[in-house]
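Residue strings, one per chain:
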Amino acid sequence: MSRSLSRIGIAVAVGLFLLVPLWAGRLRPDRYQGGRSRDVRDRAVRNSSAVATMLGEIRTSMSDVLFIKTERYLHSGVSYVPHMEEQMLAVTSETKEMDEHQQEVAEGEVEEEHEPYGEHVAKTVIQPKEEDFRGFIGDLHRKVKPWHKPGDPHQHTDGTELLPWYRITTLADPHNVRGYTIGGWWLKYKNVDEAIRFVQEGVRNNPEAFKLHYMLGQVYFHKGRQLVRAGKPESDPGVRDCFEKCRVAYHKAADLTLIQRPPAGPEDPERPDWTIYVETDARAALRLAVFTEQYYGQPEDALGMAKAYLEVIPDDEPLQRIIERLSEPEG
Amino acid sequence: MNAPAAGLMRFRPLLLIGRGVWIELFRRKDLAVLLILMGLYVLGVWVVRLVGIKNPSTATFLLNLGMTLAYFCAHVLTLLIAARQLPDEIENRTLYPLLARPVERHTVIVGKWLACVACGAATLLLLFLLGWIPVPKMESYHGVMLIQTLVLHVASLSVLAALAMALSLLVPRGVNLVLLALWFVVGRNVLGFLTARFEEAGLKEIALWFSAYLPDFSKLNLITRYTDGIAPLAGGSFLGLLLYGAVFSAVALLLAAYVFRRRPL
């Protein structure tokens, strides 16, 4: 009796093991929305604490270390103290800033100079001579390591060297939404189809992240524009497919935004995770959903969408202008 | 002999085998080293408390760090204990008197595995208390989530112990330790790298299918979910994860029993 029971038990165990790919894939306890560890403001507070100072480099999570790596490679190896202005914490602000830079890069040079961020001079990790007590050792350090005077404009690379770091970031943490969004943004300039695959992977791993659907829309839009610039008409099936997928992606981003956004937006005390930066990206998603509906979907639906979104965010001036424009009689 | 006494007698060999593992745990220095490591962490936490923890997010980070340290230390200890059980018994020829009792080979496997898991669980509990108690709880965390986390950690220990015992009969000790330690720490990332190499949809699906046969320890580690203040897992998900641990443990033990039965001593 006990022997037959153990044989049954063995058969059940082996059977369940052979079917593991079917049922174990649904077990994803790390797939959840929000979380303090993923909150950008929490991370900034943590990293500025006395604990962070005492623990030194150990205090930064792996994704922070990888972010620092991307910053370093972007600046041709020069180590700056992290100097991103807070608005850069929004995907839209960061990609807008980089878009302007990339225009310069596209005009020919691999490295282009541009102004330091904002009013502040970004400090270098290796101090300048006048602030360095180390004398000739400091001079040697500045000669051996890539170094720039803090007051000089930064020199950026064209982003190619950042791409492996974003790939490693997302492999180490498939829920690093920023890795997928900014990595996808950089990748679209090199290989837009690869960028689409990359961001789609991010969407599969983080289906509720509206920023990823937003970036997917961006990438599809970029591909569509690339095809048009290459000489294809807008009526070409490939071009129309790109813009249609762009529209669908922005719609999905907008739908998720409406579900996730608290009624009071960033002012809601119950939702400290919905920061002004998240609000910036959310509003961009809503506006672009209307824009793409107008030009690539049903223009008559675009006005209704815009009005519905304005009820959610009544103070959004771009949406108000879109409504005014759409409400104007034709001709 | 009455039925309950007869029932207990059946477990006597397991208890005797397990006793040896426990004695070895205290005789060796592994536990002492881990306690010292944890002690350093506790010291660090008290220093930080003296300096003052102003931000709840810093306290949460410390809590996560302490729990993660306890998690890793318990797994390291379990791996070390489990990986040497069978090779040591074979090398020292202490297996013969055990098998002559008579105790069946699979009983030796199960007894040692149970004892390794028990040692790991006791160590986990001790280190967890050292890592959890000193840190101020400045944000909200779910008690049920904590219990689920600890239970799944024990499941993770059982998988690691079973794998270590199975591999100890197939590969040299050093290879066993390095292989499992690497798999435990970076296995998921390695799988991600490997499956990402396949671009064609069909090949990718095949790669993902077969990669599921390798245990993913990250599924059984819910520390970050706990410190993120996320709600406990639904009953189905929790039981599913327990089953996940049970299935991998069972298969590894079956492999160990199969190899052990055929191995000349």
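Residues numbered from 1 in each chain as written. Chains lettered and ligands numbered in written order. Predicted model: local features only at pLDDT ≥ 70, side-chain atom pairs only at ≥ 80, totals over all residues.

(A) Local environment of the overall build of chain A. Along the backbone of chain A there are 15 helices and two strands. The buried share among the 331 residues of chain A stands at 32%. Contacts in chain A between residues far apart in sequence, at least 24 positions, make up 61% of those at least 6 positions apart. (Helix = DSSP H or I, 4+ residues; strand = E, 2+ residues; numbered from the N terminus. Buried ≥ 20, exposed ≤ 12 C-beta atoms within 10 Å, placed from the backbone. Contact = placed C-beta atoms within 7 Å.)

(B) Representation of the overall build of chain B. When its secondary structure is counted, chain B shows ten helices and zero strands. Mapped in sequence order, the helices and strands of chain B form the string α-α-α-α-α-α-α-α-α-α. Put simply, 88% of the contacts in chain B that link residues at least 6 apart link residues at least 24 apart.

(C) Just unusual backbone geometry, in detail. Residue and element names in this part refer to chain B. For Arg 93, which is not a glycine, the phi torsion comes out positive at approximately 55°. Relative to the helices and strands, Arg 93 resides in the loop between helix 3 (56–91) and helix 4 (95–99). Judged by C-beta crowding, with 9 C-beta atoms within 10 Å, Arg 93 ranks as exposed.

(D) Expanded view of the environment of Tyr295(A). Residues and elements named next belong to chain A. Relative to the helices and strands, Tyr 295 resides in helix 13 (residues 276–296). Residue class for Tyr 295 comes out partly exposed when judged on the 13 C-beta atoms lying within 10 Å of it. Taking the C-alpha atoms as reference, Tyr 295 lies 9.1 Å from Phe 243; in sequence the two are 52 residues apart.

(E) Molecular detail of the nonpolar core. Core analysis: the biggest nonpolar cluster contains 74 residues, and Ala70(B), Ala161(B), Ala162(B), Ala164(B) and Met165(B) have the highest contact counts within it. In terms of residue count, the dominant contributor to this core is helix 3 of chain B (17 residues). Those residues within four positions of Ala161(B) in sequence are excluded, and the remaining contacts are Thr78(B), Ala82(B), Trp113(B), Cys116(B), Val117(B) and Gly120(B). With 54 residues, the next largest nonpolar core counts Trp185(A), Ala253(A), Leu288(A) and Ala306(A) among its residues. (Core = buried A, V, L, I, M, F, W, Y, C linked by C-beta atoms within 7 Å.)

(F) Looking closely at the packing of helix 8 (residues 163–172) of chain A against helix 9 (residues 177–188) of chain A. Residues and elements named next belong to chain A. Between helix 8 and helix 9, the least distance of the axes is 9 Å, while the angle of their chain directions is 150°. One element, helix 8, and the other, helix 9, form an angle in the roughly antiparallel class. By crossing handedness, the relation of helix 8 to helix 9 is classed as left-handed. On the side of helix 8, the interface is formed by Leu 163, Tyr 166, Arg 167, Thr 169 and Thr 170, while helix 9 contributes Gly 179, Tyr 180, Ile 182, Gly 183, Trp 186 and Leu 187. (Axes fitted to C-alpha atoms, helices over the stretch in contact; angles between N-to-C directions. Parallel < 35°, antiparallel > 145°, perpendicular 65-115°, else oblique. Left-handed = near helix turned anticlockwise from the far one by under 90°.)

(G) Expanded view of helix 13 of chain A. Across its 21 residues, helix 13 of chain A extends 30 Å between first and last C-alpha, which sits within 8% of the 30 Å expected from 1.5 Å per residue. For helix 13 of chain A, a buried count of 16 out of 21 residues is recorded, marking the element as mostly surrounded by other parts of the structure. (Expected span 1.5 Å × (residues − 1).)

(H) Region of interest: the interface of chain A and chain B. Opposite the 24 residues of chain A that make contact, chain B presents 33 residues. Mapped onto the side of chain A that touches chain B, the elements with two or more residues apiece are helix 1 (2–18), helix 2 (20–23), helix 3 (40–47), helix 4 (50–55) and helix 8 of chain A. With five residues, the top contributor of residues to the side of chain A that touches chain B is helix 1 of chain A. For the side of chain A that touches chain B, the per-class residue count stands at 16 nonpolar, four polar and four charged. (Nonpolar A, V, L, I, M, F, W, Y, C, P; charged D, E, K, R; others polar.)

(I) Structural view of helix 2 (residues 30–51) of chain B. Residues and elements named next belong to chain B. Under the 1.5 Å per step criterion, the end-to-end length of helix 2 is 32 Å for 22 residues, consistent within 8% with the ideal 32 Å. Within the sequence span of helix 2, burial applies to Leu 31, Leu 34, Met 38, Tyr 41, Val 45 and Val 48. Burial along helix 2 is one-sided: seen end-on, the buried residues are contained in an arc of 105°. Facing away from the buried surface of helix 2 by more than 90 degrees, the exposed residues are Ala 32, Ile 36, Gly 39, Leu 40, Leu 43, Trp 46, Val 47 and Leu 50. Looking one or two residues past helix 2, Gly 52 carries a phi angle of roughly 115°, positive in sign. (Arc of directions from axis to C-beta.)

(J) Local environment of the environment of Thr58(B). Counting through the fold element by element, Thr58(B) comes out in helix 3. A C-alpha to C-alpha distance of 9.1 Å links Thr58(B) and Met138(B), two positions 80 residues apart in sequence.

(K) Here's a closer look at the confidence of the model for chain B. All names here are of chain B. Scored by pLDDT, chain B comes out at a mean of 88, with 95% of its residues at no less than 70. The secondary structure element of chain B with the lowest average pLDDT is helix 4, at 74, and the one with the highest is helix 6 (residues 143–168), at 96. Across the assembled chains, the prediction reports ipTM 0.84 with pTM 0.68. (pLDDT = per-residue confidence, 0-100.)

(L) Quick look at the packing of helix 9 of chain A against helix 10 (residues 192–205) of chain A. Residue and element names in this part refer to chain A. Two numbers describe how helix 9 lies on helix 10: the axes approach to 8 Å, and their chain directions differ by 170°. On the basis of the axis angle, helix 9 is roughly antiparallel to helix 10. Of the residues in helix 10, those touching helix 9 at Val 177, Tyr 180, Gly 183, Gly 184, Leu 187 and Lys 188 are Val 192, Glu 194, Ala 195, Phe 198, Val 199 and Gly 202. Looking at the contact of helix 9 with helix 10 residue by residue, the classes come out as seven nonpolar, three polar and two charged.

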